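# A closer look at the structure
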Amino acid sequence: MFITLTDIAWAIILTIWVMIVTLYISKYVARKTTIYVARKTIHILGGGLVAVVSPFVFSSPLLPIILSYLLTGYLIFHRERQPLSWFQDKENRGEVWFTFSFGTILLLSWILIRNFWDPGSRDIYVALLPLFYMSFGDGVTGIIRNYVYKRRVKGWWGSLGMFIVSSFLGYYFLSIPGLISGILATIVERIGKVDDNILVPFVPFIFLYITVVLLNL
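This report concerns the structure included in the present document. Owing to the predicted nature of the structure, the values given are computational and were not obtained by experimental measurement.

### Side note on the overall build of the protein chain
On a plain count of helices and strands, the protein chain comes out with seven helices and zero strands. Mapped in sequence order, the helices and strands of the protein chain form the string α-α-α-α-α-α-α. For 217 residues, the compact-globule formula gives about 17 Å, and the C-alpha radius of gyration of the protein chain, at 17 Å, lands near that figure. In the protein chain, the share of contacts with a sequence separation of at least 24, taken over all contacts with a separation of at least 6, comes to 71%. Element-wise, carbon and sulfur atoms account for 70% of the exposed surface of the protein chain, whose accessible area totals about 10800 Å². Mean positive and mean negative side-chain charge positions of the protein chain (18 and 11 charges, respectively) differ by 8 Å.

Below is the structure:
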């Protein structure tokens with residue numbers, strides 16, 4: 001069985017939490033700071049928290065995947081009809097790519113990695129670390145850049161913050177391959193011409209899938 005009553009209960013709890021973060025907490029943050037910081041608040045408190053707890057509370061990744069795609073549709077709808085102005089930017093579709101990438105990384109992991117959905121398994125972090133980099137690493141990067149440079153720019157202090165967060169998480173969970181994946185996440189965030197919410201999760205995921213799953217390093 002892919003969905004249990006416990007799964008449904010946790011899906012409701014986490015959906016309510018993400019709604020609170022998106023509709024209320026981030027709005028408060030935007031009033032006190034900027035739209036950019038509000039977006040990163042959603043990354044950390046919304047996506048990051050869900051990524052951390054999901055393997056411990058869901059029996060399979062099915063509901064997190066479904067909810068990620070539903071949220072993607074919700075965000076696209078609002079962009080086209082009634083933008084959530086405190087964090088949605090006409091010039092940037094990052095929040096849409098974030099939820100899409102979140103669900104797609106989990107879906108690919110479910111397809112490609114046998115029995116990966118186990119918090120005691122090493123392979124679970126092949127999926128989770130890219131989500132951590134996208135949520136926490138990129139989130140910290142944006143907040144640092146906002147306060148150091150006072151504008152949205154890819155400065156080195158932000159990259160240093162992402163390097164520290166991502167390399168620490170990578171090494172802690174997956175040793176040397178994890179460390180390298182954290183460095184890769186930092187590099188593609190710094191120089192990437194494609195949206196960070198695509199490159200930051202997918203490049204480390206491909207690297208970790210090859211090194212940890214296929215080569216068993």
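Having seen the model, we can carry on.
### Observations regarding a nonpolar patch on the surface
A grouping of F2, I3, L5, I8, I12, I16, I20 and Y24 is seen on the molecular surface, where their side chains present a nonpolar patch of about 820 Å² in accessible area. For Y24, the position within the fold is in helix α1 (residues 5-32). On the basis of relative accessible area, Y24 is assigned to the exposed category, the value being 60%.

### Details of the packing of α1 against helix α3 (residues 62-81)
Following both chains from N to C, one finds α1 and α3 inclined at 30°, their axes separated by 11 Å at the closest point. Taken as a pair, α1 and α3 cross one another with a handedness that is right-handed. For the pair α1 and α3, contact is made by D7, I8, A11, T15, V18 and L23 and by L63, L67, L71 and Y74, respectively. Along the lines of polarity and charge, the residues of the contact of α1 with α3 split into eight nonpolar, one polar and one charged.

### Comments concerning the pattern of salt bridges
Throughout the structure, instances matching the rule amount to seven salt bridges. A salt bridge links D138 to K40; the shortest N-O distance between them is 2.9 Å. Placement of the pair is D138 in helix α5 (residues 124-149) and K40 in helix α2 (residues 35-57), with a sequence separation of 98 residues. The residues D138 and K40 share a single accessibility class, namely buried. Linking E189 and K154 is a salt bridge whose minimum nitrogen-to-oxygen distance equals 3.1 Å. Here the residue E189 occupies a position in helix α6 (residues 156-191), and K154 occupies one in the loop between α5 and α6, the gap between them amounting to 35 residues. If you follow the salt bridges from partner to partner, you end up with R145, K154, E189 and D196 in one network.

### Digging into the packing of helix α4 (residues 94-112) against α5
Two numbers describe how α4 lies on α5: the axes approach to 9 Å, and their chain directions differ by 170°. Comparing their axes, α5 and α4 come out roughly antiparallel. Seen from α4, the contacting residues are F98, S101, F102, I105, L106 and S109; seen from α5, they are A127, L131, M134 and S135. Partitioned by chemical class, the residues of the contact of α4 with α5 number seven nonpolar, three polar and no charged.

### Focus: the nonpolar core
The biggest cluster of nonpolar side chains holds 38 residues, and the ones touching the most others in it are F102, V126, L129 and L131. Within the residue set of this core, elements represented by two or more residues are α1, α2, α3, α4, α5, α6 and α7 (196-214). Contacts of F102, omitting those with residues within four sequence positions, involve G47, V50, A51, S68, L131 and M134. Formed by 11 residues, the second largest nonpolar core is a distinct cluster that contains V21, A30, L84 and W86.

### What to know about unusual backbone geometry
Peptide bonds are mostly trans, and most non-glycine residues show a negative phi. In this structure, N115 takes a positive phi of about 55° despite not being glycine. By secondary structure assignment, the location of N115 is in the loop between α4 and α5.

About the cut-offs
- Residues numbered from 1 in each chain as written.
- Predicted model: local features only at pLDDT ≥ 70, side-chain atom pairs only at ≥ 80, totals over all residues.
- Heavy atoms only, no water.
- Helix = DSSP H or I, 4+ residues; strand = E, 2+ residues; numbered from the N terminus.
- Rg over C-alpha atoms; globule rule 2.2 N^0.38 Å.
- Contact = heavy atoms within 4.5 Å.
- Areas by Shrake-Rupley, 256 points an atom, 1.4 Å probe, with all protein chains shown as cover.
- Lys, Arg positive; Asp, Glu negative; His and termini not counted.
- Charge placed at Lys NZ, Arg CZ, Asp CG, Glu CD.
- Patch = residues over 30% accessible without salt bridge, like charges linked within 9 Å, V, L, I, M, F, W, Y side chains within 5 Å.
- Salt bridge = Lys/Arg side-chain N within 4 Å of Asp/Glu carboxyl O.
- Buried < 20%, exposed > 50% of the residue type's maximum accessible area, 1.4 Å probe, protein only.
- Axes fitted to C-alpha atoms, helices over the stretch in contact; angles between N-to-C directions.
- Left-handed = near helix turned anticlockwise from the far one by under 90°.
- Nonpolar A, V, L, I, M, F, W, Y, C, P; charged D, E, K, R; others polar.
- Parallel < 35°, antiparallel > 145°, perpendicular 65-115°, else oblique.
- Core = buried A, V, L, I, M, F, W, Y, C linked by side-chain atoms within 4.5 Å.

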